[in-house]
Amino acid sequence: MRPRPPSVADRVVTLLRRTLLSVFGVPLVIAVAMSLVDSYRRRGKHPKPFPTTPPRTVDIGDGAVTTYTYGQDLYEDMLAAIEGAERQILFETYIWKGDQTGERFKHALVAAADRGVDVYCIYDGFANLVVSPVFKRFPRQVKVLRYPVYAAGWRFFDVRRYGRDHRKILVVDSAVGFVGGYNIGDAYETEWRDTHVRITGPGVWDLQRAFADFWNLNRRRLIGVSERPLLLETSSVWEPRIRIQRNVPRLWMFPIRSMYLEAINRAGRNVWMTQAYFIPDQDFVDALRAAARRGVDVRLLVPLKSNHIVADWISRGYFSQLLDAGVRIFRFRDAMVHAKTATVDGTWTTVGTANIDRLSLSGNYEVNVEVIDESLAKTLEEIWMVDESNSLELTRGEWEARDLHRKFTELVLRPLRPLL
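By the naming in an unreviewed UniProt entry, the chain is Phospholipase D-like domain-containing protein, taken from Nocardioides kribbensis.

This is how it looks when you write it as structure tokens:
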């Protein structure tokens, strides 16, 4: 019996399958191979020392904002705030390593709960898969929400439920708040260059609300405690120069991208950005190019080599457009720069958790603080200049002279942009 010849529909399905395999399958295989090779090469290697800026505090309204560029300085102040807590601690992090630094934070939080402080903790389950289950056990007096590895449940079709909790927040007694790029772990304390801020005054209250809203949205996932909501008694007073911008994929809210585009489009003097992973959409690239072409001093600082080699290669795919428009690109050397910051026209600044990529701007739970203040903008500009002193500027001639295999790799990995 002869087999039935394939129908037109069968041929179309086969063609589509092969096309998708070629477009996405090959880049994925190459990306996995690159990551494995890079991981092997990094074994036993440690970053070199890099210049940092001491913590600096500027007064804003009825409060103040302190900037941190070195993990050790930040962790000491965070732990001091936890140890001095009297009523409530709200602690949220993406990565929480079970190493010495992670244990210090865990012990401080448990000790606070033991003395009667209400302690709430949130961490991302996927980001901490490799952390020992023993470390992730807490006494019942500590209220813990582990954001699950798979959060969609039976609603697998709902893309709003696939975002990770990428935020890093600490609020103590409604009086002091911390937010920025730092995760919790030994490496971040001394080996990574990142940026965090400490906020006091009315600006803390919106950071506190951001935590409470996430807790209440996901409280049915709590470990070992009741499902009661986290209720806050805070003033409705606004600090007009400090805004907390937060992405909430469950509610289809993504204001951080809009915040960036608005600031870039209004820029008249300078736009200085530091980004750990720079994989923007074309509208974002066009905004930076347009700013540079109208005479704005646009500078982008990224890692020379980040901890995600595939992100580095995909990011380089945008360099030609930016350099052609006059954007200056600097690459931070000898250590991982993980900061997510920007300053515009000596007035506007943002520090937070969101990278300039699809996952952060239209996928994950993120939080950025937006500040309109000349003193803080000056501080961020000074920090940027210190980072620039440890960076290599990418020239147009150097970029054009790169090897053919580098151009080929950038082209092959291009289809992965929407996934990152």
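Concerning the pairing of strand β2 (residues 63–68)
For β2, the tally of buried residues reaches six of six residues, placing the bulk of the element in the interior. The side-chain alternation of β2 yields two buried faces, one formed by Gly63, Val65 and Thr67 and the other by Ala64, Thr66 and Tyr68. By the bridge criterion, five bridges tie strand β1 (residues 56–60) to β2 in an arrangement that is antiparallel. Paired with valine 58 across the strands is valine 65, a residue of β2. As consecutive antiparallel partners, β1 and β2 are separated by two residues, and within that stretch glycine 61 has a phi angle of approximately 60°, a positive value. In terms of strand pairing, β2 meets strand β9 (residues 196–200) through five bridges, oriented antiparallel.

Some details on the pattern of salt bridges
According to the stated counting rule, one finds 23 salt bridges in the structure shown. Here arginine 104 and glutamate 76 are joined by a salt bridge, their closest N and O atoms 3.0 Å apart. Here glutamate 76 lies in helix α2 (residues 71–83) and arginine 104 lies in helix α3 (residues 100–114), a separation of 28 residues in the sequence. Using a relative accessible area of 31% as the deciding quantity, one classes arginine 104 as partly exposed. A salt bridge links arginine 396 to glutamate 400; the shortest N-O distance between them is 2.9 Å. Of the two residues, arginine 396 and glutamate 400 are both situated in helix α12 (residues 396–400); the distance of four residues between them amounts to about one turn of the helix. Salt bridges linked by common partners bring Glu76, Arg104 and Glu189 together as one network.

Description of the sheet that holds strand β11 (residues 242–247)
Spatial ordering of the open sheet is given by β11-β18-β17-β16-β12-β13-β14-β19, a layout of eight strands whose pairing is mixed. The open sheet has two edge strands, β11 and β19 (391–394), and neither has a second partner. Sheet twist, expressed as the average angle between the axes of neighbouring strands with direction ignored, equals 15°. Here five bridges tie strand β12 (residues 270–275) to strand β16 (residues 340–344), and the two strands are oriented antiparallel to one another. Looking at β16, one finds that threonine 274 is bridged to threonine 341. The sheet contacts of helix α6 (residues 255–266) involve β11, β12, β16, β17 (348–352) and β18 (366–372), and relative to β11 the element is tilted by about 130°. Against the sheet, helix α11 (residues 374–388) touches β12, β13 (297–303), β14 (328–332), β16, β17, β18 and β19, its axis set at about 55° to β13.

Rules behind the numbers
- Residues numbered from 1 in each chain as written.
- Predicted model: local features only at pLDDT ≥ 70, side-chain atom pairs only at ≥ 80, totals over all residues.
- Heavy atoms only, no water.
- Buried < 20%, exposed > 50% of the residue type's maximum accessible area, 1.4 Å probe, protein only.
- Helix = DSSP H or I, 4+ residues; strand = E, 2+ residues; numbered from the N terminus.
- Pairing = 2+ DSSP bridges.
- Salt bridge = Lys/Arg side-chain N within 4 Å of Asp/Glu carboxyl O.
- Axes fitted to C-alpha atoms, helices over the stretch in contact; angles between N-to-C directions.
- Contact = heavy atoms within 4.5 Å.

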